[in-house]
Amino acid sequence: TECVSGCVCPEGLFDDGRGGCVEQKDCSCMHNNEWYSSGDKIKVDCNTCTCQKGVWKCTDHVCYGTCMIYGSGHYNTFDGKFYDFDGSCEYVAVQDFCGDKKSSGSFSIITENVPCGTTGVTCSKAIKMFLGVSDDSQYLSLENKEYKEIQRDVGDDVQYWNRTVGLYLVIEASNGVMLIWDKKTTVFIKLSPDYKGKVCGLCGNFDDKANNDFTTRSGLQDNNPLNFGNSWKQSPMCPDVTEEIKPCDLKPHRKSWAEKECSIIQSEVFEICHSKVNPQPFYEACVHDACSCDSGGDCECFCSAVAAYAQECIKAEACVFWRTPDIC
């Protein structure tokens, strides 16, 4: 085979991708545009992959899925579809009351979105977590940095626990649902693999295919995030979102400040992560948020946006130390 340098390897030797010729047992592997030597291990979600003879051999554990909602209307679904939706209402983030299973679900998570600036963008203000209950008056409420139990049914068979981990409040339920909240505008929803293909809402359907995540409440697929998002509002009295809000166009005097602050995501501080997690959508979301949070909380919006990228980097095993006494 041809080497990178243009030479041809002698018979029995193989191009190692780095301009050299090696025996097959020493062939290297590529992941996210980086070369790894034979025997190297990487973590891909909850699985470990080992480079063997130029091919990745991975364990086949079925992993928990994660949906992220953060800042002013940014969503990253269980299947990795990244989109924006600025609706001011209560919306179904995820539930398993779907399709012909609407009467036999076990949980529902609702997000209440409210305006978080003068441009019309919205942030998640409160989360409601229903666990195996049918009466809407009984739920767990997360709002104003606090967690409350609202008329909890003692006889319900779904157990749950809450604990604080660093900046986050974690609620873990016995039915395989976990919610991680930063007590501000960021929430991570983790589901056990038992829910694959069985959920619906703004977080998508968790079937490992991102191209069908925009499935509306009526079961139809739509390419427009606005139509998709509007279908999951809880109250028909809430107005539909009819156009995408571009806060930097509405507040151009904030744009240069936003771009300067958010450039940390594209800087050498996060360089180790760039090949593992594409920084561009997170940078754009950061600029969007930094422009829109013009009613106080400027730094909080900026910090949440950078933290969202840092979290994805950690998932990809790229540990980044970005907080300083001057930054967040």
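Presented here is an overview of the structure given in this document. (Residues numbered from 1 in each chain as written. Predicted model: local features only at pLDDT ≥ 70, side-chain atom pairs only at ≥ 80, totals over all residues. Heavy atoms only, no water.)

Right, let's talk about the environment of alanine 290 for a bit. Summarising the element assignment, alanine 290 is placed in helix H5 (residues 280-292). C-alpha of alanine 290 to C-alpha of proline 247: the two residues are 43 residues apart in sequence and 8.9 Å apart in space. Among residues more than four places away in sequence, those in contact with alanine 290 are Arg254, Trp257, Ala258 and Cys262. (Helix = DSSP H or I, 4+ residues; strand = E, 2+ residues; numbered from the N terminus. Contact = heavy atoms within 4.5 Å.)

Further remarks concern the nonpolar core. Core analysis: the largest hydrophobic core is formed by 45 residues, its most contacted members being Phe78, Val94, Phe107, Ile109, Ile189 and Leu191. The contacts of isoleucine 189, once residues within four sequence positions are left out, are Gly65, Thr66, Cys67, Phe78, Ala93, Val94, Ile109, Met178 and Cys203. By size, the runner-up hydrophobic cluster in this structure holds 34 residues, among which are Val170, Phe270, Val287 and Trp322. (Core = buried A, V, L, I, M, F, W, Y, C linked by side-chain atoms within 4.5 Å. Buried < 20%, exposed > 50% of the residue type's maximum accessible area, 1.4 Å probe, protein only.)

The next thing to look at is the side chain of threonine 66. Looking at the element boundaries, threonine 66 is found in strand E8 (residues 65-70). Judged by relative accessible area, which is 13%, threonine 66 ranks as buried. Of the polar contacts made by the side chain of threonine 66, one reaches the side chain of lysine 190; its length is 2.8 Å. Among all residues touching threonine 66, those that are not within four sequence positions of it are Asn76, Thr77, Phe78, Phe188, Ile189, Lys190 and Lys315. (Polar contact = N/O pair within 3.5 Å; in protein donor to acceptor, adjacent residues only side chain to side chain.)

Where burial is concerned, most of E8 is hidden: 6 out of the 6 residues are buried. Here E8 shows no split at all, with Gly65, Cys67 and Ile69 on one side and Thr66, Met68 and Tyr70 on the other all buried. Of the strand pairs in this sheet, E8 and strand E9 (residues 74-76) are connected by 3 bridges, and their pairing is antiparallel. Looking at the pairing, tyrosine 70 lines up with histidine 74 of E9. Between E8 and E9, which pair antiparallel one after the other, the connecting turn spans 3 residues, and glycine 71 there sits at a positive phi close to 60 degrees. (Pairing = 2+ DSSP bridges.)

Our focus in this paragraph is the state of the cysteines. Taken as a whole and judged by the stated rule, the model has 10 disulfides. Here cysteine 248 connects covalently by a disulfide to cysteine 291, the sulfurs 2.0 Å from one another. Where cysteine 248 bonds to cysteine 291 through sulfur, the torsion about that S-S bond is close to 95 degrees, and the disulfide is right-handed. Of the two residues, cysteine 248 sits in helix H2 (residues 247-250) while cysteine 291 sits in helix H5, which places them 43 residues apart along the sequence. (Disulfide = S-S within 2.5 Å.)

With that settled, consider the side chain of asparagine 175. Mapped onto the secondary structure, asparagine 175 falls in the loop between strand E17 (168-173) and strand E18 (177-181). The buried category is assigned to asparagine 175, whose relative accessible area is 16%. Within the structure, asparagine 175 has its side chain in polar contact with the backbone nitrogen of valine 177 (distance 3.5 Å). Among residues more than four places away in sequence, those in contact with asparagine 175 are Ser106, Phe107, Leu131, Val158 and Tyr195.

When the terminal C-alpha atoms of H5 are compared, their 18 Å separation across 13 residues agrees well with the 18 Å that a helix rising 1.5 Å per residue should span. Considered for burial, the residues of H5 that qualify are Phe282, Tyr283, Ala285, Cys286, Val287, His288, Asp289, Ala290, Cys291 and Ser292. (Expected span 1.5 Å × (residues − 1).)

What the 5 strands build is an open sheet, ordered E11-E12-E13-E14-E15; its pairing is antiparallel. This sheet does not close on itself; its edge strands, each paired only once, are strand E11 (90-95) and strand E15 (146-150). The average undirected angle you get between the axes of adjacent strands in this sheet is 25 degrees. Pairing geometry for E11 and strand E12 (residues 107-115), over 5 bridges, is antiparallel. Counterpart to glutamine 95 in the pairing with E12 is serine 108. (Axes fitted to C-alpha atoms, helices over the stretch in contact; angles between N-to-C directions.)

As a further point, take the sheet that holds E8. Here 7 strands make up an open sheet; going across it, the order is E10-E9-E8-E19-E18-E17-E16 and the pairing antiparallel. Strands at the two margins of the open sheet, each flanked by one partner only, are strand E10 (82-84) and strand E16 (160-165). Each strand of the sheet is rotated relative to its neighbour by a mean of 15 degrees, with strand direction disregarded. Bridge count for E8 against strand E19 (residues 187-191) is 5 bridges, and the pairing is antiparallel. Residue pairing in the sheet places glycine 65 in a bridge with leucine 191 of E19.

For a regular strand, the rule is simple: side chains alternate between the two faces of the sheet. Among the 5 residues in E18, 5 count as buried, and that is most of the element. Where burial is concerned, the two faces of E18 agree: the one with Val177, Leu179 and Trp181 and the one with Met178 and Ile180 are both buried. With 4 bridges joining them, E17 and E18 adopt antiparallel strand pairing. Bridge assignment links isoleucine 171 to a residue of E18, and that residue is leucine 179.

This brings us to helix H3 (residues 252-262). Among the residues making up H3, those that are buried are Arg254, Ala258 and Cys262. Taken down its axis, H3 places every buried residue within 60 degrees of arc, on the same side. In H3, the exposed residues that point more than 90 degrees away from the buried face are His253, Ser256 and Lys260. (Arc of directions from axis to C-beta.)

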